[in-house]
Amino acid sequence: MDTLYKPQGVEECWQQIWEEEGLYAADPDASRESWVYAFPPPNVTGNLHLGHALQLSLGDALARWKRMQGLNVLVQAGYDHAGISTQNAVEKFLESQRSSRRELGRDAFVARVWEWLHEYGGNIVHQFRRMGASMDYRRIRFTMDDAYVRAVMRWFVHLYERGWIYRANRIINWCPYHETSLSDLELEDVDVDDTLTTIRYPLADGSGHIAIATVRPATILADVAVAVHPDDDRYRDLVGKEVVVPFVERRVPVIADERVERDFGTGALKVTPGHDPLDFEIGRDHDLLELTVIGPDGLMNDAAGELAGLTQDEAAQRILDWAREHDLLEKREHHRHSVPTCERCHSRIEPLISLQWWCSMEELKQPALAALRERRVVFHPESQHRFAISSLEDAPDWNISRQIWWGHQLPVWYCPDGHLTVAETEPGACAECGSAELRRETDVLDTWFSAALWPFATLGWPDETPDLAAFYPGDLQTTAREIIRLWENRMIFSGLELLGEVPFRGVIIHSTLLAVDGRRMSKSLGTGIDPLELIAEHGADATRYGLLKMSSTQDVRFNAQQIEEGRKLANKLWNASRLLLLSGVVEPETRPSSVEERWILARIDAARAEIESDFAAYDFAHAVDRLYHLIFDDFCDWYLESIKPRLEEEGVRATAFAALERLLKLLHPVMPHVTEEIWTNLPARETRLIVAPWLGPEVHDDDFRPLEEAQTAARIYRRSGVRIKLAGDAERIFEAVVRPGADGAGDVEAERSRVRQEIARAEKMLANEKFVANAAPEAVEAEREKLAQYLAERDALG
């Protein structure tokens, strides 16, 4: 009788055993070839989400496969300090304690962050264990560890000495709540309902006006020009004239610029370089004044004159009232558009000109571009490789400074005379004038600046360590496509600049898992799915299987049925193993004496070759699908059912255990816990499955006609009730597997007609050159397989 396999307890037990026995450990002194997967360091304050779970499923399947192939595998574990995210979490905690960052002061606040992390941080690595991640947990690194901080300081000083780090006023993404610059990744575009206001700007010569449409009337105070498209006939004659900016009554020029969108609003653009990225570019190209009337707190600043201290909405209302009084307000209309917000506090982002630290990219990126073009690093799928190249080609100078307190404080000191001293450790005096009165730069580095060192700082760089010699360069990275330009490309140019070699060779850009209804997964939208809940309900093995089954080169909707399929597969294999163990234990040995025994060994070997090809191509969806059909259909439904009547024979059982042993090896990278549990119960175990040798190729007989005849007869019988006359092994296998009823009274002629129609349909489809050329290769191959089956059924039906 079948029993229900219960993963709870089993999975936790094996995770503990593997770790305690050192089976995840990577040895820098080993003579074996190494294989390294530097798993992307998660937010130290975060929890496991579905993207992490998918990354782990992909990378860990490869790591376990490589480990079984005898390689010295390192899966590097650790955390990222996640500057803004962590500071935000601690500030919220302080608010609940009726305190604040400002009240504590910088040093006390940083100390409080460390206290908070010791109590609440790092949970995610424990959650990685729940997923069965075979990381070397002895090597957990944190980007705020002393050794890692030293590497970050060395990197900054190196770039500064190369002349690639500088300070400049540029427009940046500014969060008025956190009062810091943000990277594009830290923004969330939100559709909002706004009002598009059209205001007339009088021509300075009194000859008329030009109408401007804006959703931000408060920024009118900082207008320094009006721009029109050079090919716009409506305004061509106005270029070179001046207009008067409402409210401030400033005279500004009308300029021509091809970046103006003629179809938006009136086709004329108010140019406000201090508060809009496009306007900033236009202003720099036309050498325009840069005015800023909104302060870091989001309120109107002193440059706003009588409106200083007001909110932007209050200032906008005052300007609109003025325009109405002066008959310059033309119209107001509803306008829905997308605006960037801070992903943490959801404040609307202010584009502000700010004095920031920048890293020049022009020279630094060139070796990385060469490595990508020469395919020394390859992104998968190919479309993302092309994007990696184009995004690096277009990479602007990198804003590396943040105006927060938690993170790597810039190694820059100022003396009273304004001289800069840049050093890895605190200097005793100004490098230029010798003054001992030094003040350190308050900005911290962008989190991605330190993350760029992850593949080698975790191995001991800047020291020449045994780990660095053994495990650099690495092999694999996995990430989402939005991280390519923020992290992957930066790791590549950092590794090349500092060590002269690419940090890894392959990058899997995994699917984006969407909610069931096609929306993005989000806690706030109620569409998020907690992988820990999936593990609790179905087990880690089933969750890993299902996520791999969903993985593809396209965005995919989450499908709980794939997780359930993984659970059913684990249960099926568990009960198949129990059947063999209860039939009488013998040492596994291939002693095939029948066609079905030779067939299953050949099927397993063929599947091995296909799965190896799938893994090498990072095609996990097809790999797990092959495993499912190999185990469910071939091994359980055909092979085991056909040998059941002969299980009293020792040779049959020995071959069955040998076949099961092979299956467990193939499935282990995907479903490690259930396979290790079954493996341990088999006789003559000399090693854990996790380090058991991977299967090698074998030579097999390829004449399995009796079994194929039985399978053809089974398809026909199950579909129509028609019995095909069989003899010998074919009849024996058919009877054992199908166990048909006594009648077999199906309609033969109807079945013949149906098969003829299917053959005609399949032949027509395969004769269609467009279908063969344009359809997915697996769809074409599936159609060919169906045609072969129909032809076999036609012959069987006579």
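The structure we're discussing is the one just above.
Residues numbered from 1 in each chain as written. Predicted model: local features only at pLDDT ≥ 70, side-chain atom pairs only at ≥ 80, totals over all residues. Heavy atoms only, no water.

Colleague: Whenever I open this one, the overall build of the chain confuses me. Can you help?
Modeller: Within the chain one finds 27 helices and 25 strands. Taken along the three principal axes of its C-alpha coordinates, the chain extends 105 × 65 × 50 Å. Each of the 798 residues in the chain was classed as buried or not, and the buried ones make up 56%. Counted over contacts in the chain with a minimum sequence separation of 6, partners at least 24 positions apart contribute 76%. Carbon and sulfur atoms make up 47% of the accessible area of the chain, which totals about 34600 Å². Side chains of the chain give 90 positive and 133 negative charges; the mean places of these two sets differ by 4 Å. (Helix = DSSP H or I, 4+ residues; strand = E, 2+ residues; numbered from the N terminus. Buried < 20%, exposed > 50% of the residue type's maximum accessible area, 1.4 Å probe, protein only. Contact = heavy atoms within 4.5 Å. Areas by Shrake-Rupley, 256 points an atom, 1.4 Å probe, with all protein chains shown as cover. Lys, Arg positive; Asp, Glu negative; His and termini not counted. Charge placed at Lys NZ, Arg CZ, Asp CG, Glu CD.)

Colleague: It is not clear to me how the environment of Glu333 should be interpreted in this structure. Could you clarify?
Modeller: Structurally, the position occupied by Glu333 is in strand β13 (residues 329–342). With relative accessibility at 33%, the residue Glu333 sits in the partly exposed group. Sequence separation of Glu333 and Arg557 is 224 residues, and the distance between their C-alpha atoms is 37 Å. When neighbours within four sequence positions are excluded, Glu333 is seen to be in contact with Asp194, Thr195, Leu196 and Thr198.

Colleague: Sorry if this is basic, but what is going on with the sheet that holds strand β12 (residues 268–271) here?
Modeller: Where strands meet in a sheet, backbone hydrogen bonds hold them as pairs that are either parallel or antiparallel. Read across the sheet, 4 strands follow the order β10-β11-β9-β12 without closing on themselves; strand pairing throughout is mixed. Of all the strands in the sheet, the pair left with one neighbour each is β10 (242–245) and β12. Direction aside, the axes of adjacent strands within the sheet are offset by 35 degrees on average. Inspection of the sheet shows strand β9 (residues 225–228) paired to strand β11 (residues 250–256) by 3 bridges, in the parallel sense. Pairing of Val226 across the sheet is with Val254, part of β11. Contacting β11 and β12, helix α8 (residues 277–285) runs over the sheet at an angle of about 80 degrees to β12. (Pairing = 2+ DSSP bridges. Axes fitted to C-alpha atoms, helices over the stretch in contact; angles between N-to-C directions.)

Colleague: Would you explain helix α21 (residues 650–667) in this entry?
Modeller: Residues spaced three or four apart along an α-helix face the same direction, because each turn holds 3.6 residues. Between its terminal C-alpha atoms α21 stretches 26 Å, which fits the 26 Å expected from 18 residues at 1.5 Å a residue. α21 sits mainly inside the fold: 17 of its 18 residues count as buried. (Expected span 1.5 Å × (residues − 1).)

Colleague: How should I be thinking about the pairing of strand β14 (residues 350–359) in this particular structure?
Modeller: Regular strands show a simple pattern: their side chains alternate between the two faces of the sheet. In terms of burial, β14 is largely enclosed, as 9 of its 10 residues are buried. Taken together, the 2 bridges between β14 and strand β16 (residues 398–399) define a ladder with antiparallel strand orientation. When the sheet's bridge partners are listed, Trp358 is paired in β16 with Asn399.

Colleague: Before we go on, may I ask you to explain the nonpolar core in this structure?
Modeller: In globular proteins that are soluble, nonpolar side chains generally tend to be buried together. With 135 residues, the main nonpolar core has Phe128, Met135, Phe635, Tyr639 and Val670 as its most contacted residues. The leading source of residues in this core is helix α20 (residues 620–643), at 14 residues. In this structure Val670 touches Asp541, Arg544, Tyr545, Leu548, Phe615, Val624 and Leu627, once residues within four positions along its chain are discounted. (Core = buried A, V, L, I, M, F, W, Y, C linked by side-chain atoms within 4.5 Å.)

Colleague: Which parts of the structure should I look at to understand the pattern of salt bridges?
Modeller: Pairing between side chains of opposite charge can happen when the charged atoms of each approach one another. All chains considered together, the criterion is met by 74 salt bridges. Here Asp60 and Arg64 are joined by a salt bridge, their closest N and O atoms 2.8 Å apart. Of the two residues, Asp60 and Arg64 are both situated in helix α2 (residues 50–68); the distance of 4 residues between them amounts to about one turn of the helix. Each member of the pair Asp60 and Arg64 is classed as buried. Taking the shortest distance from any N to any O, the salt bridge between Arg318 and Glu306 comes out at 3.2 Å. Placement of Arg318 in helix α9 (residues 312–325) and of Glu306 in the loop between α8 and α9 is noted, with a sequence separation of 12 residues between them. For Glu306, a relative accessible area of 59% corresponds to the exposed category. If you follow the salt bridges from partner to partner, you end up with Arg715, Arg719, Glu751, Arg754, Glu758, Arg761, Glu783, Lys786 and Glu793 in one network. (Salt bridge = Lys/Arg side-chain N within 4 Å of Asp/Glu carboxyl O.)

Colleague: Explain the packing of aromatic side chains here, please?
Modeller: The description of an aromatic ring pair uses the distance of the two centres, along with the angle that the planes make with each other. The tally for this structure, following the rule as stated, stands at 27 aromatic pairs. Ring geometry for Tyr37 against Phe39: centres 5.8 Å apart, planes inclined by 90 degrees, an arrangement best described as edge-to-face. Of the aromatic side chains, those joined through ring pairs into one cluster are Trp155, Phe156, Trp357, Trp398, Phe449 and Phe493. Taking NZ or CZ as reference, Arg170 lies 5.1 Å from the ring centre of Trp358, over its face. Here the basic side chain of Arg490 rests over the ring of Trp398, its NZ or CZ set 3.9 Å away from the ring centre. (Phe/Tyr/Trp six-rings, centres within 6.5 Å; stacked < 30°, edge-to-face > 60°. Lys NZ or Arg CZ within 6 Å of the ring centre and 35° of its normal.)

Colleague: Explain helix α5 (residues 106–120) here, please?
Modeller: Here α5 contains 15 residues, and its C-alpha end-to-end distance of 21 Å stays within 8% of the 21 Å for a straight helix at 1.5 Å per residue. Buried residues of α5: Arg106, Phe109, Val113, Trp116 and Leu117, and no others. Each buried residue of α5 sits inside an arc of 100 degrees when the element is viewed along its axis, so together they form one side. Away from the buried face of α5 by more than 90 degrees, exposed residues Asp107, His118 and Glu119 are located. (Arc of directions from axis to C-beta.)

Colleague: Just to check I follow, could you spell out the sheet that holds β13 for this structure?
Modeller: Read across the sheet, 3 strands follow the order β8-β7-β13 without closing on themselves; strand pairing throughout is antiparallel. In the strand order of this sheet, the two ends are held by β8 (209–214) and β13, each with one partner. Each strand axis lies, on average, 20 degrees off the axis of its neighbour in the sheet, ignoring direction. In this structure, strand β7 (residues 187–202) lies alongside β8, joined through 6 bridges in antiparallel fashion. For Arg200, the partnering residue across the bridge sits in β8 and is Ala211.

Colleague: Explain unusual backbone geometry here, please?
Modeller: As a rule of thumb, non-glycine residues mostly have phi less than zero, and peptide bonds are mostly trans rather than cis. Going from Trp461 to Pro462, the amide bond is cis rather than trans, its omega being 20 degrees. Summarising the element assignment, Pro462 is placed in the loop between α13 (454–457) and α14 (466–471). Going from Tyr472 to Pro473, the amide bond is cis rather than trans, its omega being 0 degrees. Inspection of the secondary structure puts Pro473 in the loop between α14 and β22 (476–479). The backbone of Ala82 shows a phi angle near 45 degrees, a positive value even though the residue is not glycine. For Ala684, which is not glycine, the phi dihedral falls at a positive 60 degrees. Along the chain, the position of Ala684 falls in the loop between α22 (672–681) and α23 (705–720). Among the residues examined, Ala684 registers a relative accessible area of 48% and is labelled partly exposed.

Purely geometric numbers; function is a separate question.
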